[in-house]
Amino acid sequence: MRTITSIDEMQRIADGRRSGRGTVGVVPTMGYLHDGHASLIRRAKEITDFVIVTIFVNPAQFGPNEDFNRYPRDIKRDTELALGHGADILFVPGAGEIYPPGYSTSVEVERLSGKLEGKARPGHFKGVATVVAKLFNITKPNIAVFGQKDAQQVVIIRRMVKDLNFNIEIVVNPTVREADGLALSSRNVYLSAQERSESPVIYASLRQAEAQIRGGTKDPLTIKENMTKLISERKSAAIEYISIADTETLDELGTLNQGGSVLISLAVRFGNTRLIDNLLMII
Ligand code: AMP
């Protein structure tokens, strides 16, 4: 079977692959796969010879009042989708396999982890960095593919790879969206019909910001205010944060100067569902 749950077995297979001629790609996910994940798997298949998709809903990256218990799961469908898009192996460990009794080690990417998503979700990126480091050691990839959807995650993983000397290339794929602009997310299934119909405002606000920056607006505060206005027209939307930041340090920008790159990102709640999105632009 192509689904593996044991770390030992996964490492044996990875060692075998690494001693051969081909390259290994990994796509780490939390499952409930959609077309966004599929695009990463296809990309991994294009650029490597052996693709490992990992599915692990990582308890360490959820806060105590977050949706760990209700996070959607459908391993049968995920298996079909992953294999259908080119995965060679699925690594689906249990929580006890990843965090056995006595487990004590974590990876903290300082500074970057405390900003934006990390400020809103304390401990989140410690959980992410730790599990991704473990998954790298278990699957031993040449290349790991991540989505731009989680922009801060990409910045943090790149930093970790550099700081801890992982010999792994990080490849980032663009965000896959519904026709109306909503970024695909496993969490979209939580949305009520009303919330779903209002949710495209997130991407609309990003496009509005982009157009205003292109049009010459230099003050991030003005752009954020205009995004806030647009989103607030939707009854079910509650903004958690809007950020216009440097793409590497994730520090908020005071003014928008030509020649730089900018990460516009936001988190918005629709009822109990927290959605994030972002847009990266060169100005
Ligand atoms: P998740 O299962 O949500 O942890 O996501 C696993 C990987 O898929 C991460 O690298 C995400 O950034 C990526 N991903 C999630 N949603 C999308 C999307 N809509 N488009 C592209 N990549 C995505």
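Preceding block: the structure.
Residues numbered from 1 in each chain as written. Predicted model: local features only at pLDDT ≥ 70, side-chain atom pairs only at ≥ 80, totals over all residues. Heavy atoms only, no water.

Phi at Tyr-32 takes a positive value of approximately 50 degrees, unusual for a residue other than glycine. Relative to the elements of secondary structure, Tyr-32 occurs in the loop between strand 2 (24-29) and helix 2 (35-47). (Helix = DSSP H or I, 4+ residues; strand = E, 2+ residues; numbered from the N terminus.)

Turning our attention to the pattern of salt bridges. Per the counting criterion, the structure on display carries 14 salt bridges. Across the pair Arg-121 and Glu-66 runs a salt bridge whose closest N-O atoms are separated by 2.6 Å. Taken together, the residues Arg-121 in the loop between helix 5 (116-120) and helix 6 (124-139) and Glu-66 in the loop between strand 3 (50-55) and helix 3 (75-84) connect sequence positions 55 residues apart. Arg-121 gets classed as buried once you look at its relative accessible area, which sits at 8%. Overall, Glu-66 belongs to the partly exposed group, its relative accessible area being 29%. Taking the shortest distance from any N to any O, the salt bridge between Asp-67 and Arg-187 comes out at 2.8 Å. Of this pair, Asp-67 sits in the loop between strand 3 and helix 3 while Arg-187 sits in the loop between strand 6 (169-173) and helix 8 (193-198); the two residues are 120 residues apart in sequence, bridging distant segments of the chain. Among the charged side chains, a salt-bridge network with shared partners connects Glu-117, Glu-240, Arg-269 and Arg-274. (Salt bridge = Lys/Arg side-chain N within 4 Å of Asp/Glu carboxyl O. Buried < 20%, exposed > 50% of the residue type's maximum accessible area, 1.4 Å probe, protein only.)

We now examine the pairing of strand 8 (residues 261-270). Burial analysis of strand 8 places eight of its 10 residues in the buried class, which makes it a mostly covered element. Two strands pair when backbone bridges link them, and strand 7 (residues 237-246) and strand 8 are joined in this way by nine bridges, in the antiparallel orientation. By the bridge assignment for strand 8, Ala-237 is matched with Phe-270. Bridge count between strand 8 and strand 9 (residues 273-282): 10 bridges; the pairing is antiparallel. Its bridge partner lying in strand 9, Ser-265 is registered against Asn-278. In this structure, the hairpin formed by strand 8 and strand 9 is closed by a connection of two residues, where Gly-271 is found at a positive phi of approximately 60 degrees. (Pairing = 2+ DSSP bridges.)

Moving on, we come to the layout of surface pockets. Taken as a whole, the second largest pocket holds about 400 Å³ of empty space. Around the second largest pocket, the lining comprises 14 residues; the ones closest to its centre are Val-154, Val-155, Arg-158, Thr-247 and Glu-248. For the lining of the second largest pocket, the leading source of residues is helix 7 (residues 151-163), giving six residues. Its residues assigned to classes, the lining of the second largest pocket shows seven nonpolar, three polar and four charged. (1 Å grid on protein atoms, 1.4 Å probe; cavity = no way out; pocket = protein on both sides within 12 Å on 5 of 7 lines; lining within 4 Å. Points joined across faces, edges and corners; volume = space filled by probe spheres on them. Nonpolar A, V, L, I, M, F, W, Y, C, P; charged D, E, K, R; others polar.)

This next bit is on helix 3. Of all the residues in helix 3, the buried ones are Asp-78, Thr-79, Leu-81 and Ala-82. Positive backbone phi, approximately 120 degrees, marks Gly-86, located one or two places after helix 3.

Turning next to empty space enclosed by the protein. According to the stated counting rule, one finds one cavity of 30 Å³ or more in the structure shown. The greatest single-element share of the lining of the largest cavity, amounting to three residues, is contributed by strand 9. When grouped by side-chain class, the residues that make up the lining of the largest cavity number five nonpolar, two polar and two charged.

The next thing to look at is the sheet that holds strand 4 (residues 89-91). One open sheet accounts for six strands, arranged 1-4-3-2-5-6; its pairing is parallel. Looking at the sheet topology across the chains shown, the edges are occupied by strand 1 (3-4) and strand 6. The strands touched by helix 2 within the sheet are strand 2, strand 3, strand 5 (143-147) and strand 6, with strand 5 carrying the most contacts at an inclination of about 155 degrees. (Contact = heavy atoms within 4.5 Å. Axes fitted to C-alpha atoms, helices over the stretch in contact; angles between N-to-C directions.)

On to the site of the ligand, then. Near the ligand lie 16 residues; those nearest to it are His-37, Gly-147, Asp-150, Val-176 and Leu-184. The contact in question runs from an oxygen atom of the ligand to an N or O atom on the backbone of Gly-147, over 2.9 Å. Residue Val-176 places a main-chain N or O atom 2.8 Å away from a nitrogen atom belonging to the ligand. The fraction of the free accessible surface of the ligand (480 Å²) that becomes covered by protein chains is 92%. Breaking the shell around the ligand down by element, the ones donating at least two residues are strand 2, helix 2 and strand 5. For the shell around the ligand, the element with the most residues is helix 2, which contributes three residues. A per-class count over the shell around the ligand returns seven nonpolar, seven polar and two charged. (Near = heavy atom within 4 Å. Polar contact = N/O pair within 3.5 Å; in protein donor to acceptor, adjacent residues only side chain to side chain. Areas by Shrake-Rupley, 256 points an atom, 1.4 Å probe, with all protein chains shown as cover.)

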